[in-house]
Amino acid sequence: MRLALAVSYNGQPYQGWQSQASGQTVQDKLEIALSKFAATRISTLCCGRTDAGVHGVMQVIHFDTDVQRPAHAWVRGPNALLPRDIAVQWARQVPAEFHCRASALSRRYAYALLESPVRPSFEAGTVGWSCRPLDINAMQQAAKRLIGEHDFSSFRASACQALSPVKSLHHINISRRGAYWRFEFEANAFLHHMIRNIMGCLVYIGQGRQSPEWMTEVLLAHDRRAAAPTFSPDGLYFLGPRYAAHWGLPEQTCGYDGLP
């Protein structure tokens, strides 16, 4: 039996998603809880790995098991064993040909940012920060220059293992509520640090340190050195993948509405 699960987590205390020898990753904590619940070793695959400090709203995983439990038990059982900042959101049995990564049509992220002369306090670790005012029109003009299929080498981390820097960025939506900004990104796939590097450039432009036209120069340079410094992971959230309707999987979880 193949199961798909959605997992949400606060990434602050963890060394990213992918399992490490330290055991201090989200995957490590999840697999321990699943294995205890199932009374057998459970190994998982995820849709999109997240870095240290990055949060997950709907990380989708899958695994195969002979253990027979109703779907709701695969939510409540592991949640009783997980740390309070990691929670299974839903569970579904899926056909054997489903693959959480390969079956995804696109992936979605959001970046939450506080615009304030004073650094974040109670929301520390869950939002990025700009101490200067931001110009939404300038950032929107710059964002439009990235839409479409491009070589995103200028926004790629040196450690990125993707086979190609060419990705198709479907949209970037920028909105504001009070002092909080929300940037939403959707693409067929993302390079390592791609969103955080784009955010660095958008904030530079929003603060008036560069013009919207500079974004085109950075994109066409195909050189990481042309872009702004990598922005903080604090406000980055993996919203989850989109799948074809015939898989019957939810497109979002309640946490989507709770972001700033």
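What you see is a predicted model; the values in this text were computed from it and never measured.

Comments concerning the overall build of the protein
The secondary structure content of the protein amounts to six helices and ten strands. On C-alpha atoms alone, the protein measures out to a radius of gyration of 19 Å, which is about the 18 Å that the 2.2 N^0.38 rule sets for 260 residues. Along the first, second and third principal axes, the C-alpha atoms of the protein reach 60 × 40 × 35 Å. Within the protein, the fraction of its 260 residues that count as buried is 54%. For the protein, the share of sequence-separated contacts (at least 6 apart) that also reach a separation of at least 24 residues comes to 70%.

Description of unusual backbone geometry
In the Ramachandran plot, A39 falls in the positive-phi region, its phi being about 60° despite a non-glycine side chain. Note on placement: A39 falls in the loop between α1 (26-38) and β2 (45-46). The phi torsion at H222 lies on the positive side, around 55°, for a residue other than glycine. Counting through the fold element by element, H222 comes out in the loop between α5 (213-221) and β10 (236-242). For H222, a relative accessible area of 43% corresponds to the partly exposed category.

A word on the pattern of salt bridges
Taken as a whole and judged by the stated rule, the model has nine salt bridges. The partner of E115 in a salt bridge is R176, with the nearest N and O atoms 3.3 Å apart. Linking E115 in strand β5 (residues 106-115) with R176 in strand β8 (residues 166-177), this pair joins segments that are 61 residues apart in sequence. The exposure class assigned to E115 is buried, which follows from its relative accessible area of 15%. Among the ionic pairs, E186 bridges to R242, the shortest N-O distance being 2.7 Å.

Details of the packing of helix α3 (residues 136-144) against helix α4 (residues 194-206)
Running from N to C, α3 and α4 point in directions that differ by 140°, and their axes come no closer than 8 Å. Relative to α4, the element α3 lies oblique. Here α3 runs over α4; the crossing is right-handed. Residues A138, M139, A142 and A143 of α3 form the contact with α4, whose participating residues are L202, I205 and G206. Residues that form the contact of α3 with α4 fall into these classes: six nonpolar, one polar and no charged.

Describing α4
Relative to the 18 Å expected for 13 residues at 1.5 Å per residue, α4 spans 18 Å between its end C-alpha atoms, a close match to the ideal helical length. With twelve of its 13 residues buried, α4 lies for the most part within the structure. Among the residues of α4, M194, I195, R196, N197, I198, M199, G200, C201, L202, V203, I205 and G206 are the ones counted as buried. Taken together, the buried residues of α4 touch β5, β6 (128-130), α3, β9 (180-187), α5 and β10. Remark: G208 follows α4 within two positions and exhibits a positive phi of approximately 85°.

Side note on the packing of aromatic side chains
Scanning the model with the defined rule gives eleven aromatic pairs in all. Considering the side-chain rings of Y109 and F190, the 5.3 Å spacing of their centres and the 85° angle between planes classify their relative orientation as edge-to-face. In this pair, Y109 sits in strand β5 while F190 sits in the loop between β9 and α4, placing the two residues 81 residues apart along the sequence. Pair check on accessibility: Y109 and F190 agree, each one buried. The rings of F37, F63 and W74 are connected pair by pair, giving a single aromatic cluster. For the cation-ring pair, R209 lies above Y204, with the distance from its terminal atom to the ring centre recorded as 4.0 Å.

Conventions adopted
- Residues numbered from 1 in each chain as written.
- Predicted model: local features only at pLDDT ≥ 70, side-chain atom pairs only at ≥ 80, totals over all residues.
- Heavy atoms only, no water.
- Helix = DSSP H or I, 4+ residues; strand = E, 2+ residues; numbered from the N terminus.
- Rg over C-alpha atoms; globule rule 2.2 N^0.38 Å.
- Buried < 20%, exposed > 50% of the residue type's maximum accessible area, 1.4 Å probe, protein only.
- Contact = heavy atoms within 4.5 Å.
- Salt bridge = Lys/Arg side-chain N within 4 Å of Asp/Glu carboxyl O.
- Axes fitted to C-alpha atoms, helices over the stretch in contact; angles between N-to-C directions.
- Parallel < 35°, antiparallel > 145°, perpendicular 65-115°, else oblique.
- Left-handed = near helix turned anticlockwise from the far one by under 90°.
- Nonpolar A, V, L, I, M, F, W, Y, C, P; charged D, E, K, R; others polar.
- Expected span 1.5 Å × (residues − 1).
- Phe/Tyr/Trp six-rings, centres within 6.5 Å; stacked < 30°, edge-to-face > 60°.
- Lys NZ or Arg CZ within 6 Å of the ring centre and 35° of its normal.

These figures capture arrangement, not role.
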